[in-house]
Structure formats: C-alpha cells, structure tokens
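The residues making up each chain are set out below.
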Amino acid sequence: MAVLLLQQLWWLLVVTAHVTGGRSPRRLKLILNEEGDAVSPARLTPAPGLEPGDSAAAFRVPTLGGELVFKPGPQTGSLVLHAFTNHSGFLEVLWSSESSVSSLLQDLPDTCQVLFLSLDESSVTDALWMREQLQRAAASSGRKEVLSRLHFCPVPLFALGSWVTSVFYAWSCRGHNCGLSQAAFTADGWRIPLVVKRLDARYDWLTARWGQGSYPLRDGGDGCASLPSVAGGVAWVSEGGCSFFTKVQTMARSNASGVLVYALPGSPLQDMNCVADECDTPLNVPAAMVHQEPAVAEALRWQQQVSVSFQTTDSPNFFFGINQQGALWELGWFLYPSFSFIAWQAQWFEFYSDLRARLDAPAVVVPVFDRVRMQGDAGAVASVRLPPDLQGFDGLELDASLSCPGRRDSSCAQWDHTVQLLVCCDRLGPHCGTELGRWITAFRRGSGHWTTDVSPLLPVLDGATCTFTMKTVPWAMPWIVSLNLRFKNRSSGSLRPFRVMPLFSGGTFDRSYNSKHRPVQCAVPPSTQKVELFAVITGHGSDENGCGEFCVTSHHFVVNAAHNNTLTFDTAGSALGCTSRVKDGAVPNEHGTWLYGRGGWCDGLQVAPWRRDVTDQLDLSGTGTNTILYFGLFNGLDPNPSQTPGYIIMSSFLVFYK
C-alpha cells in the first residue's frame with residue numbers, strides 16, 4: 001500500500017507541476033547490442049498467460065481524472081486499450097494526424113470506452129499530451145461528449161502491476177501497427193550505429209520492400225528532380241517541394257534503390273500515401289520517412305560514406321480489446337496509422353453483441369457443424385435430420401462462424417476465399433447440390449460470425465435427412481467452421497415458400513458472358529400468392545478494368561420484356577467501401593486489403609442474398625408463359641476485356657409463395 005501511495009503521489013506531483021502545451025516529436029536513438037539487435041526499452045517481460053477469448057478480470061488504474069474501475073460485462077460495454085510509445089513512427093503519425101484523431105471521436109460507438117497508457121517513463125507527459133490532442137479535436141468537431149469515455153493513465157505500463165501489463169507484453173508482435181520499424185545508419189568514424197524510428201510508405205502503391213542488406217545513402221536534395229548521383233543507393237531527400245509520390249517516382253527513375261524522406265525540423269512524420277490517379281501507378285522501389293538526423297546530414301555534407309539498413313524490432317503490443325461479453329480480443333492490423341481502426345473494431349464489438357442477442361430469440365436450432373475443420377476437396381460434411389414438422393416453418397437462418405486452428409490471428413489462413421454451403425436432401429431430386437449460403441473468409445482473422453436469412457430456399461430442404469457440405473478452394477489453409485440451422489415460424493398469417501425454380505448461374509465475365517445466358521420461360525404454379533426473385537451474386541478475378549472483383553458491374557433480370565430488376569455493385573473498387581459493412585458483420589482490421597469495396601462482397605462477411613418482389617411483373621393465371629432474361633454489364637456495356645477476364649459466381653431463383 002505504501003508503494004502504491006508513493007507511486008500515485010509521484011505522478012500527481014508531476015502532473016501538478018506540468019504545464020501543458022504543444023508536443024514536438026522526439027526522435028528515437030538506440031544502440032545495438034553485441035548480437036546486432038536493438039536494445040529494447042521494455043522494463044518487464046512477463047510469462048505468457050492470457051489468450052484471446054479468455055475472460056478479462058476486473059481491474060482499476062489511476063487516470064488523469066481520478067481512477068478507472070472496469071468490470072467487464074454487457075452493462076459496461078467494450079473497452080479498447082492502447083499503449084503509446086514515442087519509439088514508434090507508426091504511433092507518432094497515428095497521434096499527429098488530425099484526420100486520425102478526429103476519426104476516433106466521430107466513429108467510436110457509444111458502447112465503447114478507450115484507455116490510453118504509455119510504455120515509456122515519460123508516461124505523465126504522454127498522458128497529458130494524448131488528452132490534449134483529443135480535447136483539441138473534440139472542441140473543433142463538436143464531439144466533447146466522447147471525452148467522458150476516454151481515460152488517460154499517467155502511470156507507465158511497466159509499473160501498473162496488473163494483468164493488463166502482461167497481455168501487452170505477452171502479445172508482443174511486429175507488423176503494421178506494432179513492432180518498432182527502424183533505420184540504422186553507419187558511417188566512417190562512427191563507433192556505433194545511429195538507429196531511428198521510421199514509417200514506411202503505404203504498401204499498396206509500392207511493389208518493393210527493404211532488403212536485408214546495407215545500402216549506400218546518397219543525397220537526393222528534395223527528390224523532385226532527377227539526380228544520376230543517387231543511382232544504386234538509397235536517396236536521402238527532404239519533405240516539401242513536390243508530393244511524396246513524385247519524390248519516389250523521380251528517384252526510382254534515377255535508379256535509386258530506395259527513398260528515405262526526412263521530416264523538416266519540428267515536423268512530425270507523415271503518412272506517405274498516393275493520391276487519386278497516383279495510386280494506379282506502381283513503383284518498384286521501397287520508401288520510408290524518418291526524422292532529419294543532423295549527424296547523417298553532416299556526414300553527407302562532408303562526403304563521408306554513409307550506409308543505411310532497415311530492421312524491425314519486436315515490441316509489446318500497442319492495442320487489445322475487451323468485448324461486451326468480457327472476452328479478451330486482438331485488434332488485428334492497422335494498415336495505416338489512423339484511429340479509424342479502433343473505431344471499426346469497436347463497431348464490430350457492438351455488432352457481435354447485437355448478434356448474440358438475436359441468437360437468443362426463439363427458434364428451432366439444428367446443429368450441423370460444431371468447430372469442424374474445413375480443408376481440402378471434401379471440406380466439412382455432415383448429414384443431419386430435419387425437424388419432422390418442417391412445413392410449419394416459414395423462416396430459415398444460417399448461423400455460421402469461421403475461426404482459426406489456434407487462439408491467435410497468426411494461426412489463421414492468409415488469403416480471402418469464397419466459402420459455399422451446398423445441400424442435398426434427395427439425390428434424385430432437382431435441388432441436390434443447391435447453394436444454400438455463401439461467405440468470404442477474412443485475411444488472417446478468425447472472428448467472423450454471421451446470421452443469413454435464406455428463408456426463400458426452404459423448399460430446397462426436400463427430405464427428412466439432408467447432407468450439408470461447406471467448402472472453399474482445396475489449397476486454402478484450414479478454417480474451423482460452425483453452423484446451425486435456425487427454423488422460425490414468424491406468424492400464423494405469413495406466406496410460406498413452397499417451390500423454388502433455378503434461373504441463371506454466372507461464368508467467365510468476357511464478351512460471350514451474356515450470350516451464354518438464354519431466356520427462361522415459366523408458368524406460375526396454381527395457388528401462388530407471391531413470387532420473389534432471389535439471387536446471390538459476387539464478382540471475382542481481375543482484367544485490365546479490375547473486373548469482376550474491383551469494377552462496378554450491374555446485373556439485370558428483365559421480366560416479360562417490361563420490368564428491369566437491377567442489382568449494381570456501385571462501391572466496387574472504392575478505397576473504403578467495405579469499412580461501412582463492419583456494422584453488418586464484416587471483420588475489421590484484417591491482415592490484407594479488406595477495406596476496398598468489392599463486387600458484391602467484402603472479406604470476412606456473409607454474402608447477403610438479393611431479393612425482389614416480382615409478383616406484379618408476372619402473369620399469375622397459370623395458363624400464360626412468363627419470360628425471364630438476365631444479362632450483366634460493365635459501364636453499361638457487354639464485358640469485353642482484352643486481358644484475362646474475371647468471373648461471376650451466381651445462384652438465382654424464382655421463389656413461389658402461398
């Protein structure tokens with residue numbers, strides 16, 4: 001108790017004496033040990049213990065406002081914990097970017113709190129500075145009410161004496177948003193290297209990475225004009241004068257091996273990213289930003305031989321979360337330094353809490369898979385008996401989840417793949433092999449859990465026992481799948497689907513795509529009261545137009561040559577198209593380009609069926625013939641790619657109700 005009181009008195013005295021103001025970025029200077037590794041600033045390395053999914057215990061920490069007492073549970077909401085260190089270039093930009101800080105205030109849901117800590121001995125200064133940054137942003141954005149859910153701890157993480165510290169250290173990592181990315185300079189006459197923090201440019205417009213060796217450093221001025229003298233070395237260029245993209249492109253054309261942009265004195269690091277059409281131009285050299293180093297500039301001025309190498313040192317994790325159910329959670333990758341990634345994870349916590357509440361609603365549940373390994377040609381296969389009174393239900397939901405073989409995201413499959421659920425109840429019947437549901441796996445995150453309403457496909461379940469097959473491409477890494485069928489009877493007066501008629505499938509999205517889809521003719525069965533168009537459509541692959549994954553396509557179902565029912569993927573190819581789907585269950589912060597809008601799908605999300613009531617578009621007399629025509633367009637025209645075409649995966653039906 002005496003130690004705790006002295007510790008609290010220590011930070012209270014420092015806080016009282018501190019005069020808040022602007023914070024200029026400090027530069028990291030580390031030396032290397034005899035093994036050549038960077039000396040870590042960590043004070044504590046506890047043994048691993050808690051893992052993602054474990055229950056979090058209640059805890060309390062001192063804050064600038066007094067004390068945070070957190071008791072995990074639904075009444076408390078979720079909590080995101082962030083540990084800052086000034087040794088990270090990524091975190092410097094996270095906090096110095098106005099748009100980053102504002103995104104936290106704008107998009108953080110009301111059900112989430114955030115606790116800000118520091119890994120460094122400068123924790124008091126860090127806490128005051130972080131609070132000031134957010135207070136300033138709140139004042140300018142009119143979002144001051146959010147501040148009551150933000151907490152700042154002035155005690156360094158290594159001195160907390162809590163399980164919270166253990167999680168940060170035990171979940172140590174390297175990657176986009178953790179680990180210490182560094183540049184190490186050496187020069188003639190220097191006894192030890194000069195190691196500084198760096199922030200690499202956005203990866204999506206650079207096709208090269210820093211190699212393992214050492215590069216000669218060459219003065220490139222401001223990088224806006226070609227300089228033959230940088231050939232074969234890393235160009236050392238100042239910010240300003242032209243865009244980051246222009247600097248990298250110009251130095252690449254000068255045959256530089258890479259580009260290091262240094263910030264002007266007193267300026268923070270910046271997120272070096274392309275803008276607009278620049279993003280369509282690949283560059284074949286790596287690039288990063290560091291602070292200006294007088295010793296480096298002086299050595300170059302005196303024409304000393306300066307070399308630079310690039311390294312990443314493991315660090316404690318900078319982020320983890322506690323969801324509404326009190327479970328510990330990894331926050332995944334932040335692909336660039338923005339607090340939007342915290343807000344998106346908090347939004348997903350809110351979605352997941354609502355999902356669990358919906359799953360408590362009355363339903364007849366038929367388990368199909370319970371944490372079954374899905375891999376290879378066979379996938380996951382199970383035969384189950386359906387409820388004997390199936391005709392009494394008018395609703396069917398698929399309760400599906402995809403998780404990983406291990407507890408950490410690092411055990412998850414690395415790529416996004418399509419997962420399909422196929423059903424066969426009568427092997428001689430017309431519906432054997434019908435696709436009942438479709439999902440897209442996440443990039444190396446295993447927290448996906450969704451419900452999908454497939455009630456119109458109830459007639460496909462045309463037997464007492466059905467075999468379900470859930471599978472993806474056979475070469476994919478394994479996923480652990482769970483699936484329950486949820487049968488519902490919504491109300492006694494509800495119409496029930498009694499017949500399903502297959503319409504069109506997809507195919508290669510090339511010049512012959514539409515000619516392969518012939519019109520379908522049908523008569524409406526007697527006693528039909530409603531007819532619905534039901535389709536699941538996704539675009540994949542990429543030609544010179546990004547089709548079909550990243551291009552805007554439209555899909556037209558024309559009924560009786562008079563009614564055009566159109567589904568358009570208008571967010572495909574957009575930079576943040578799938579971030580808006582996090583509230584619908586898209587897994588955030590995946591280890592890949594999950595943010596981009598796609599052709600009818602998002603990574604880590606179910607593919608939602610598209611439904612249209614077409615009753616009034618049809619002749620319901622039973623004696624007339626109806627004609628259904630389908631075609632798909634790119635930019636209002638038939639697809640006509642000159643490169644390898646993409647493809648469309650489609651299941652479509654007419655569903656008849658009575």
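Everything quoted here is computed from the prediction, not taken from an experiment. Once a new chain begins, its residue numbering starts again from 1 and follows that chain's sequence as written. Reporting in this predicted model follows two pLDDT cut-offs: at least 70 for local features of residues, and 80 or more for side-chain atom pairs to be given and counted; totals over whole chains, interfaces and linings ignore these cut-offs and use all residues. Based on all heavy atoms of the structure, the side-chain values leave hydrogens and waters out of the count.

**Concerning the state of the cysteines**
Alright, step 1. A pair of cysteine sulfur atoms is labelled a disulfide when the two atoms are within 2.5 Å. A full pass over the atoms with the stated rule returns 8 disulfides.
Alright, step 2. At a sulfur-sulfur separation of 1.8 Å, the disulfide partner of C404 is C412. Residues C404 and C412 are joined through a disulfide that is right-handed, its torsion about the S-S bond being 100 degrees. Each of the two residues, C404 as well as C412, counts as buried.
Alright, step 3. The disulfide partner of C424 is C432, and the gap between their sulfur atoms is 2.0 Å. Measuring the twist about the S-S bond at about -100 degrees, one finds the C424-C432 disulfide to be left-handed.
Alright, step 4. Looking at C424, the relative accessible area reads 10%, which means it is buried.
Alright, step 5. In this model C153 remains outside any disulfide bridge; the closest cysteine sulfur is found in C112, 17 Å from its own. Relative accessibility decides the category of a residue: with a 1.4 Å probe and only protein chains considered, values under 20% of the type maximum give buried, values over 50% give exposed, and everything between is partly exposed.

**Let's talk about the side chain of T467**
Alright, step 1. Helical segments are the DSSP runs of H or I of at least four residues, strand segments are the runs of E of at least two, and each set is numbered from the N terminus. Position of T467 relative to the elements: it lies in strand β21 (residues 465-471).
Alright, step 2. There is a polar contact of 2.8 Å between the side chain of T467 and the side chain of S383.
Alright, step 3. Whether two residues are in contact is decided by their heavy atoms: any pair within 4.5 Å suffices. Apart from residues lying up to four places away in sequence, T467 is in contact with V381, A382, S383, L422, V423, C424 and R427. N or O atoms within 3.5 Å of each other form a polar contact, as long as, within protein, one can give a hydrogen and the other can take it, and as long as residues adjacent in sequence are counted only when both atoms are side-chain atoms.

**As for empty space enclosed by the protein**
Over the atoms rolls a probe the size of a water molecule, and in doing so it shows where empty space is left.
Alright, step 1. Computed over the protein atoms alone on a 1 Å grid, cavities are sets of points where a 1.4 Å probe fits but cannot get out and pockets are open sets with protein on both sides within 12 Å along at least five of seven lines; a residue lines them when it has an atom within 4 Å of a point. Grid points are joined across faces, edges and corners, and a volume is the space filled by probe spheres set on the points. For the structure shown, the criterion picks out 3 cavities of 30 Å³ or more.
Alright, step 2. Estimated volume of the second largest cavity: approximately 50 Å³.
Alright, step 3. Lining the second largest cavity are E435, L436, G437, R438, T452, V454, L457, F534, V536, V607, P609 and S651.
Alright, step 4. Those elements that place two or more of their residues in the lining of the second largest cavity are β19 (434-440) and β25 (530-540).
Alright, step 5. Ranked by residue count, the leading element in the lining of the second largest cavity is β19, at 4 residues.
Alright, step 6. Residue polarity is assigned by list, with Asp, Glu, Lys and Arg as charged and Ala, Val, Leu, Ile, Met, Phe, Trp, Tyr, Cys and Pro as nonpolar; anything else, Gly included, falls into the polar class. The residue inventory of the lining of the second largest cavity, partitioned by class, reads 7 nonpolar, 3 polar and 2 charged.

**Thoughts on the confidence of the model for the chain**
Alright, step 1. The predictor attaches a confidence to each residue, and that confidence, scored 0 to 100, is pLDDT. Taken as a whole, the chain shows an average pLDDT of 91; of its residues, 92% reach a score of 70 or greater.
Alright, step 2. In the predicted structure, residues 1-47 sits below a pLDDT of 50 and forms 77 contacts with residues beyond four places in sequence or in another chain.

**Structural notes on the sheet that holds strand β3 (residues 78-84)**
Note on sheets: strands pair through backbone hydrogen bonds, and any given pair is parallel or antiparallel.
Alright, step 1. In short, DSSP must find at least two bridges between two strands for them to pair. The 5 strands are arranged β5-β4-β3-β13-β14 in an open sheet whose pairing can be described as mixed. Edge strands, defined here as strands with exactly one partner in the open sheet, are β5 (150-152) and β14 (328-329).
Alright, step 2. In terms of strand pairing, β3 meets strand β13 (residues 319-322) through 4 bridges, oriented antiparallel. Looking across to β13, one finds that L79 is bridged to I322.

**Observations concerning the pairing of strand β17 (residues 395-403)**
Alright, step 1. Across the 9 residues of β17, 9 count as buried, placing the element largely inside the fold.
Alright, step 2. Burial along β17 is two-sided: the residues G395, E397, D399, S401 and S403 and L396, L398, A400 and L402 are all buried.
Alright, step 3. The pairing of β17 with strand β22 (residues 479-488) spans 9 bridges and is antiparallel. Within β22, the residue paired with S403 across the bridge is I480.
Alright, step 4. Summarising the sheet, β17 and strand β20 (residues 448-453) pair through 6 bridges and their orientation is antiparallel. Across the sheet, the residue bridging to D399 is T451, located in β20.

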